[in-house]
Amino acid sequence: MVLESLGVEKYLEEHIESANYLFRAMKYKGPETTETKVGLRAHRDLNVVTILYQINQVDGLEVQTKDGEWINANPSPDSFTVFIGESFSAWANGRLHSPFHRVMMSGNKARYSVGLFSIPKPGCIIKAPEELVDEDHPLLFKPFDYAEYIRFYHTEISQKGESSLQNFCGF
Ligand SMILES: O=C(O)CCC(=O)C(=O)O
Ligand SMILES: [Fe+2]
């Protein structure tokens, strides 16, 4: 659906074949204070797509809008939250937005969630297709190896400034 909306559905097979999947369950302990504490620090997902499901009714997921405002996701029990990761955003040459999000906790109940993360396979190079690059949309990132980006992300220098991906391979 997303590739179709970008007019590049011919890359669907390539996308499917280039992804591994990681399923993870997460628990965030209640801080046992009325004060709100960080459960998971603000970050952009580095992978391709993340699908989250909140198992219990303890909210806490927040998403940052492009204007910098934090809004509560508060997903209903019959919905999933989908995040575009930086890899997909870079592949789409910035046409898809990878938002900052975080988990903020208060009270004494634990929050449980599960996530399915699609991750580029080892050796996979992320490169925007030519259809998404033109005079009005110049290439934003040099083609990059996902595993190398992960290594860079965990260095101190990557965290300086607005975007680690920009620091790693931005023009
Ligand atoms: O547990 C959640 O709702 C968010 C998890 C998350 O953002 C992540 O694991 O990247
Ligand atoms: Fe995340």
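Residues numbered from 1 in each chain as written. Chains lettered and ligands numbered in written order. Predicted model: local features only at pLDDT ≥ 70, side-chain atom pairs only at ≥ 80, totals over all residues. Heavy atoms only, no water.

J.: Even after reading the chapter, I still don't get the sheet that holds strand β7 (residues 101-107), so can you show me in this structure?
T.: Consider a sheet: its strands pair through backbone hydrogen bonds, and that pairing is either parallel or antiparallel. Spatially, the four strands line up as an open sheet ordered β2-β7-β4-β5, and their pairing is antiparallel. This sheet does not close on itself; its edge strands, each paired only once, are β2 (33-43) and β5 (70-72). Within the sheet, the average angular offset between the axes of one strand and its neighbour, ignoring direction, is 30 degrees. Two elements, strand β4 (residues 61-64) and β5, share three bridges in a ladder whose sense is antiparallel. Its bridge partner being in β5, Gln64 is matched across the sheet by Trp70. (Pairing = 2+ DSSP bridges. Helix = DSSP H or I, 4+ residues; strand = E, 2+ residues; numbered from the N terminus. Axes fitted to C-alpha atoms, helices over the stretch in contact; angles between N-to-C directions.)

J.: Could you clarify how one ought to interpret the nonpolar core in this entry?
T.: A general trend in soluble globular proteins is that nonpolar side chains are found buried together. Judged by nonpolar contacts, the single largest core of 23 residues is most densely connected at Val8, Phe88, Trp91, Phe144, Tyr149 and Leu165. When residues of this core are traced back to their parent elements, those giving at least two are α3 (86-91), α4 (146-153) and α5 (164-169). In terms of residue count, α4 provides more of this core than any other element does, four residues in total. The next biggest cluster of nonpolar side chains, apart from the first, holds ten residues, and it includes Val58, Leu61, Phe83 and Phe117. (Core = buried A, V, L, I, M, F, W, Y, C linked by side-chain atoms within 4.5 Å. Buried < 20%, exposed > 50% of the residue type's maximum accessible area, 1.4 Å probe, protein only.)

J.: Could you clarify how one ought to interpret the sheet that holds strand β1 (residues 19-28) in this entry?
T.: In spatial order, the strands read β1-β8-β3-β6; together these four strands make up an open sheet with antiparallel pairing. Of all strands in the sheet, those bounded by a partner on one side alone are β1 and β6 (81-84). In this sheet, neighbouring strand axes are inclined to one another by 20 degrees on average, regardless of whether the strands run parallel or antiparallel. Two elements, strand β3 (residues 49-54) and strand β8 (residues 111-120), share six bridges in a ladder whose sense is antiparallel. Counted as the bridge partner of Tyr53 is Val114 from β8.

J.: Hey, could you run me through the pattern of salt bridges in this one?
T.: Side chains that carry opposite charge are capable of pairing whenever their charged atoms lie near each other. Evaluation of the coordinates by the stated rule reveals two salt bridges. The closest approach of N and O atoms between Glu131 and Lys10, which form a salt bridge, is 2.8 Å. With Glu131 in the loop between β9 (125-126) and β10 (144-145) and Lys10 in the loop between α1 (2-5) and α2 (12-17), this residue pair connects regions lying 121 residues apart in the sequence. The exposure class of Glu131 is partly exposed, given its relative accessible area of 33%. What makes Lys10 exposed here is its relative accessible area of 59%. One salt bridge connects Arg102 with Glu62, and the closest N-O pair in it is separated by 2.7 Å. Placement of Arg102 in strand β7 and of Glu62 in strand β4 is noted, with a sequence separation of 40 residues between them. (Salt bridge = Lys/Arg side-chain N within 4 Å of Asp/Glu carboxyl O.)

J.: Help me understand the site of ligand 1, please; the structure alone is not making it clear to me.
T.: Surrounding ligand 1, one finds 13 residues, the nearest of these being Arg24, Tyr28, His101, Arg111 and Ser113. Interatomic distance of 2.6 Å between a side-chain N/O atom of Tyr28 and an oxygen atom of ligand 1. Between ligand 1 and the protein, one listed contact pairs an oxygen atom with a side-chain N or O atom of Asp45 at 3.1 Å. In isolation ligand 1 exposes 290 Å². Once the protein is present, 95% of that is buried. Looking at the shell around ligand 1, the elements with two or more residues in it are β1, β2, β7 and β8. By residue class, the composition of the shell around ligand 1 is seven nonpolar, three polar and three charged. (Near = heavy atom within 4 Å. Polar contact = N/O pair within 3.5 Å; in protein donor to acceptor, adjacent residues only side chain to side chain. Areas by Shrake-Rupley, 256 points an atom, 1.4 Å probe, with all protein chains shown as cover. Nonpolar A, V, L, I, M, F, W, Y, C, P; charged D, E, K, R; others polar.)

J.: What is the right way to read the packing of aromatic side chains from this model?
T.: Here the distance between the centres and the angle between the planes together describe a pair of aromatic rings. Tallying each qualifying case throughout the model produces eight aromatic pairs. Look at Tyr149 and Phe168: their rings are 5.3 Å apart centre to centre, the planes differ by 35 degrees, and that puts the pair in the tilted class. Taken together, the residues span a long stretch of sequence, with Tyr149 in helix α4 and Phe168 in helix α5 at a distance of 19 residues. Under the relative-accessibility criterion, Phe168 is labelled partly exposed at 25%. Ring pairs connect the aromatic residues Phe144, Tyr149, Phe152, Tyr153 and Phe168, which therefore count as one cluster. Between Arg102 and the ring centre of Trp70, over which it is positioned, the NZ or CZ distance is 3.9 Å. (Phe/Tyr/Trp six-rings, centres within 6.5 Å; stacked < 30°, edge-to-face > 60°. Lys NZ or Arg CZ within 6 Å of the ring centre and 35° of its normal.)

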